[in-house]
Amino acid sequence: MAAGSGKVVFKSSLLRWIDDRLPIVSALYNDAVVYQTPRNLNYWWNFGSLAGVMLTLQIITGIVLVMQYTPHADMAFDSVERIMRDVNYGWLLRYAHANGASMFFIVTYIHMFRGLYYGSYKAPRELLWMLGVVILLLMMATAFMGYVLPWGQMSFWGAQVITSLFSAFPLVGDPIVTWLWGGFAVDNPTLNRFFSLHYLLPFVLVGVVFLHLIALHTHGSNNPVGIDVSKKDKIPFHPYYTVKDLLGLSVFFLFFSYFLFFYPNSLGHPDNYIPADPLVTPAHIVPEWYFLPFYAILRSTVYESLFTPLAIFGYLGITEKLMGVIAMFGSILVLLVLPWLDTSRVRSATFRPIYKWVFWLLVIDVIVLHWAGGEVPTPTVVLVGQIATLYYFVHFLVIMPLLGKFERPRPLPDSIGKPVLSHGAAAQPAE
Amino acid sequence: MADTTVRHGESGGATRRDVLDVVTWSAVAIGAGTIVWPLISSMNPSADVLALSSTEVDVSQVPEGSGITVMWRGKPTFVRHRTPAEIEEARAVQLSALKDPQADEERVKAGKEAFLIVGGNCTHLGCVPLGNKSTDDRGDFGGWFCPCHGSHYDTSGRIRLGPAPTNLPVPEYEFISDTVARIG
Amino acid sequence: MRLLKLSALLVAAGVALWSAGSQAAEGAAEPKQISWPHDGFFGTFDRAALQRGFKVYQEVCHACHAAKYVTFRALSDLGFNEDEVKALAAAYTVTDGPDENGEMFERPARPSDTMPSPFPNPQAARAANGGAYPPDLSLMSKARHDGDNYLFSLLTGYDDPPAGEEELAPGQYYNHYFPGHRIGMPPPLMPDQITYDDGTSATVEQMASDVTQFLAWAAEPKMEERKQTGIKVMLFLIVLTVLLYLYKRKVWADVH
């Protein structure tokens, strides 16, 4: 599957012996050492490996935390406090896991926006991209269920709100919610199944990550110039990119440490330090920051204000609630078909003068959605959220298909060699 | 960017590169190794487990000639009320005849010789020996007998016969009143 | 240079995230901003203030509020030695058992016990407080937005209701910093209500400040260990980053 594959002969007779029977050594060698990588990848290409590191860290800290955590509605909160106070380095493990989730999403979102900017989702990497979307969905499910486990107020009410989304489906909605809860309310059975799935899904995630890597290594990395790279412009992964990835990791860990050691609760919500209480809802329920843009889409999709015309769907039996759920899931699922919505044949935004701006508009749009998701939904917030929601879908469903037809890309270079040699900085086309 | 004139690091700045190479990879290894420590350390007993390490026993409730089992640190601990004959028997033994020589006087508190407090797990592989009830099989030496692999303990809890390597351990304890012992 | 730009971006992202988390409670004044000794990268707890604050908690707050995650043994963090911790614990009675007759019995608390709750159950707590439940205080400073400043402000924020406001119902008190301004807790602190062992004058502000610091410790007893570990980790990472930067430049020298 690797670009540099072929028979490898190892010096060590033990390695030769193993590899003859189980070609794992040559697979590692081909895919992690001599693997041919474009020489012009910039630091935005670091975020994929960072996501891999975060996944690994989450799994490791998670496995150790499970040794101390009690998945029972009456004991979960206490057991988390015991971890924080009495378990050796428990505070470190728990904060690393909680903040680690945020870090995992930061690097993953940057990784995705990098893919959007440089057109990494285009042929022949469509499946690579789609597997990435599956990874994102798994991450979201895992993070949501993990947030429920401490059984604080936000855990409980987050579980309540998100599971209730499924009640939007006609006829089957309520039975599905009861089935999800394992009872008539979010309670101990719900906590137990979330715990089980929170432990399971990361391993499924690892499996999909492997598929993602197989797909990646089939055609190799895209690059800032976006053109196919000739053999002479490729370099082995090790030592070049191992060192570059480690450097990025070190800088990223500094960023992580700032939160982990000095402001470990700044990304969380104070209400989750209040034990779950089914009788009292917190004044202002917000999901974790990484869900806010999607939460804004959910909340903005109501048949009023800008979206009043959507009320005709109401007559067709699609309630406001269902429409919100459709919009929220749609906002992620639309990414799955993005490779076919984008009609431009040029990958990198560097050579697409209009797309470059459209990309940044999307970034701003997502930031606006993030803001709207965290605010109390006043009419102004709802209107802003609706405009941003509308633009989000217009970007993918209207602008992307049309832009490819009308935009005149700048001339592409013949090889990546020239722009890279001209200057070390971000790849500019040779003038 | 003066270094960039060196076309091939291997030939040009060889020594400097080698030192940097070693130092950098060592630092990476140290960093990775340090991450492992909290993971391992977290599996050691936590502060709350270490704090809960004393149990009080009212020894006046133990009839002469038998013993009771109390829980201490999650394990059984024997409190045996010995008869004068049993004490006599324990003290008559030649230390040289013992596998793990220790005098009976060292295993009880002075003035409280009737009460023997020992850990209740066989020192062989951790089974709980029989012998607290006078109707139990107490083995050849009148103390305890471990049914798992046949270790015999005497009336001082010392190993006399069988595979166990050492005597039943005496935990740290003190009499806080005439009848109450605090273990731990 | 690109690495620098990227680092700047990460810092900006951090600031954005951090500010996203801040949400002021509606219908309450923004808490007074106090500079606490335990704030910041190098902040540590003021042991004398913690001990005074513990006294305020014991003699005032504990009449109604439990702190069930605070164990007596943990009080050694406040600077008490082993015997002092034992004496502090022994002043409280806890229920233990059942004994050999199957009866529950009372005994003096040991260092391994947690602070006993003032009420046997939440129902009794409500009944004794006119229906309002006095919440557990162990995590209070993390369970409120801007917790330390909020607690201090709340304790010093009692006032007469402004003219024109609706009359207070019986059992309600006016507080500038409580969401909705109407709080069920009577003003807890009176000047010279307690006598500090170190002779500090027990003003309301002093007691509020001390007990706030005690509650900050109670909510996050590992704070000092966390920050000190963090400083070491970050120093190591800075050195590692410099080494990796130099090494990376060496490795890449023949590519550029």
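Residues numbered from 1 in each chain as written. Chains lettered and ligands numbered in written order. Predicted model: local features only at pLDDT ≥ 70, side-chain atom pairs only at ≥ 80, totals over all residues. Heavy atoms only, no water.

**Looking at the overall build of chain C**
Along chain C, the regular secondary structure elements total 8 helices and 4 strands. Sorting the 256 residues of chain C into buried and exposed places 42% on the buried side. Across chain C, every contact between residues at least 6 apart in sequence was considered, and the portion connecting residues at least 24 apart equals 63%. Split by element, the accessible area of chain C, about 12,800 Å² in all, is 57% carbon and sulfur. (Helix = DSSP H or I, 4+ residues; strand = E, 2+ residues; numbered from the N terminus. Buried < 20%, exposed > 50% of the residue type's maximum accessible area, 1.4 Å probe, protein only. Contact = heavy atoms within 4.5 Å. Areas by Shrake-Rupley, 256 points an atom, 1.4 Å probe, with all protein chains shown as cover.)

**Description of the interface of chain C and chain B**
Many descriptions give the size of an interface as the accessible area lost when the pieces come together. On the chain B side, the residues contacting the 16 residues of chain C number 20 residues. Between chain C and chain B the total buried area reaches about 1,700 Å² when both faces are included, carbon and sulfur atoms providing 62% of it. The largest per-residue losses of area from chain C upon contact with chain B belong to L243(C), Y247(C) and K250(C), which jointly make up 36% of the total buried on that side. Where chain C meets chain B, there are 0 salt bridges. The interface formed by chain C and chain B contains 2 residue pairs in polar contact (both at pLDDT 80 or more). Across the side of chain C that touches chain B, the residue classes break down as 8 nonpolar, 2 polar and 6 charged. (Buried area = accessible area lost by both parts, 1.4 Å probe. Salt bridge = Lys/Arg side-chain N within 4 Å of Asp/Glu carboxyl O. Polar contact = N/O pair within 3.5 Å; in protein donor to acceptor, adjacent residues only side chain to side chain. Nonpolar A, V, L, I, M, F, W, Y, C, P; charged D, E, K, R; others polar.)

**Focus: the state of the cysteines**
Tallying each qualifying case throughout the model produces 1 disulfide over all chains. The disulfide partner of C127(B) is C148(B), and the gap between their sulfur atoms is 2.0 Å. Note on the C127(B) and C148(B) pair: the S-S dihedral is about -95°, so by sign convention the disulfide is left-handed. Of this pair, C127(B) sits in the loop between β4 (115-119) and β5 (142-146) while C148(B) is found in the loop between β5 and β6 (151-154), placing the two residues 21 residues apart along the sequence. Owing to a relative accessible area of 22%, C127(B) belongs among the partly exposed residues under this scheme. Exposure remark for C148(B): the relative accessible area of 39% places this residue in the partly exposed category. Of all cysteine sulfurs, the one in C122(B) lies closest to C146(B), which takes part in no disulfide; the gap is 3.9 Å. Classification of C146(B) by relative accessible area gives buried; the value is 2%. Unpaired in terms of disulfides, C64(C) finds its nearest cysteine sulfur in C61(C), a separation of 9.3 Å. (Disulfide = S-S within 2.5 Å.)

**Here's the deal with the interface of chain C and chain A**
Contact with chain C, which involves 50 residues of that partner, is made by 53 residues of chain A. With both sides pooled, the region where chain C packs onto chain A buries about 4,900 Å², and carbon together with sulfur makes up 71% of that total. Summed over the shared surface of chain C and chain A, the number is 2 salt bridges. Between K68(C) and D78(A) there is a salt bridge, with its nearest N and O atoms 3.8 Å apart. Applying the counting rule to chain C against chain A returns 15 residue pairs in polar contact (both at pLDDT 80 or more). Secondary-structure elements contributing two or more residues to the side of chain C that touches chain A are α1 (2-20), α5 (140-143), α7 (204-219) and α8 (223-252) of chain C. Grouping the amino acids of the side of chain C that touches chain A by side-chain chemistry returns 27 nonpolar, 10 polar and 13 charged.

**Notes on the confidence of the model for chain C**
Residues and elements named next belong to chain C. With 89% of its residues at a pLDDT of at least 70, chain C reaches an overall mean of 89. Scored below 50 in pLDDT, residues 18-25 makes 12 contacts in the model with residues more than four places away or belonging to other chains. Two summary scores accompany this predicted model of the complex, namely pTM at 0.88 and ipTM at 0.90. (pLDDT = per-residue confidence, 0-100.)

**Notes on helix α6 (residues 147-155) of chain C**
Residues and elements named next belong to chain C. With 9 of 9 residues buried, α6 lies mostly within the body of the structure. Those residues of α6 that fall on the buried side of the exposure criterion are G147, D148, N149, Y150, L151, F152, S153, L154 and L155. Packed against the buried residues of α6 are α5, β4 (182-183) and α7.

**A few points about the pattern of salt bridges**
One pass over the full model with this rule turns up 30 salt bridges over all chains. When the shortest N-O distance is used, the salt bridge between E407(A) and R352(A) registers 2.7 Å. With a gap of 55 residues between them, E407(A) in the loop between α16 (379-406) and α17 (417-422) and R352(A) in the loop between α14 (338-341) and α15 (353-374) connect regions that are remote in the sequence. Relative accessible area serves as the criterion here: at 0%, R352(A) is assigned to the buried category. The salt bridge partner of K55(C) is E59(C), with a shortest N-O separation of 3.8 Å. Of this pair, K55(C) and E59(C) both sit in helix α2 (residues 47-59), 4 residues apart, which is roughly one turn of that helix.

**Here we look at the sheet that holds strand β3 (residues 75-81) of chain B**
Residues and elements named next belong to chain B. Across the sheet, 3 strands lie side by side as β2-β3-β4; this open sheet has antiparallel pairing. Strands at the two margins of the open sheet, each flanked by one partner only, are β2 (67-72) and β4. Each strand axis lies, on average, 25° off the axis of its neighbour in the sheet, ignoring direction. (Pairing = 2+ DSSP bridges. Axes fitted to C-alpha atoms, helices over the stretch in contact; angles between N-to-C directions.)

**Structural notes on a nonpolar patch on the surface**
Residue and element names in this part refer to chain C. A contiguous nonpolar patch, built from L235, I238, V242, Y245 and L246 and spanning about 430 Å² of accessible area, is present on the exposed surface. If you trace the backbone, I238 turns up in helix α8. On the basis of relative accessible area, I238 is assigned to the partly exposed category, the value being 44%. (Patch = residues over 30% accessible without salt bridge, like charges linked within 9 Å, V, L, I, M, F, W, Y side chains within 5 Å.)

**Structural notes on the sheet that holds β5(B)**
Residues and elements named next belong to chain B. Read across the open sheet, the 3 strands follow the order β5-β6-β7; overall the sheet is antiparallel. Two strands in the sheet have a free side with no partner beyond their single neighbour: β5 and β7 (159-161). Ignoring which end each strand starts from, the neighbouring axes of this sheet average 35° apart. Here β6 runs beside β7; their pairing, made up of 2 bridges, is antiparallel. Within β7, the position partnered with H152 by the bridge is L161.

**Re the environment of A103(B)**
Residue and element names in this part refer to chain B. Examined against the element boundaries, A103 turns out to sit in the loop between α3 (84-92) and β4. Judged by relative accessible area, A103 falls into the buried class, the value being 17%. Put simply, A103 and P163 are 60 residues apart on the chain and 21 Å apart in space, counted from C-alpha to C-alpha. For A103, the contacting residues outside a window of four places in its chain are L95 and R158.

**Describing unusual backbone geometry**
All names here are of chain A. Omega for the peptide link from A123 to P124 comes to 5°, which places this bond in the cis form. Of note, P124 is situated in the loop between α5 (90-117) and α6 (126-148). Even without glycine at this site, L171 takes up a positive phi of about 65°. On the basis of relative accessible area, L171 is assigned to the exposed category, the value being 85%.

**Description of the packing of α2(C) against α7(C)**
All names here are of chain C. One can describe the packing of α2 onto α7 by two numbers: an axis separation of 7 Å at closest approach and a directional angle of 100°. Taken as axis vectors, α2 and α7 run roughly perpendicular relative to one another. The segment α2 lies against α7, with A49, L50, R52, G53, F54, V56 and Y57 engaging Q206, M207, D210, V211, Q213, F214 and W217. (Parallel < 35°, antiparallel > 145°, perpendicular 65-115°, else oblique.)

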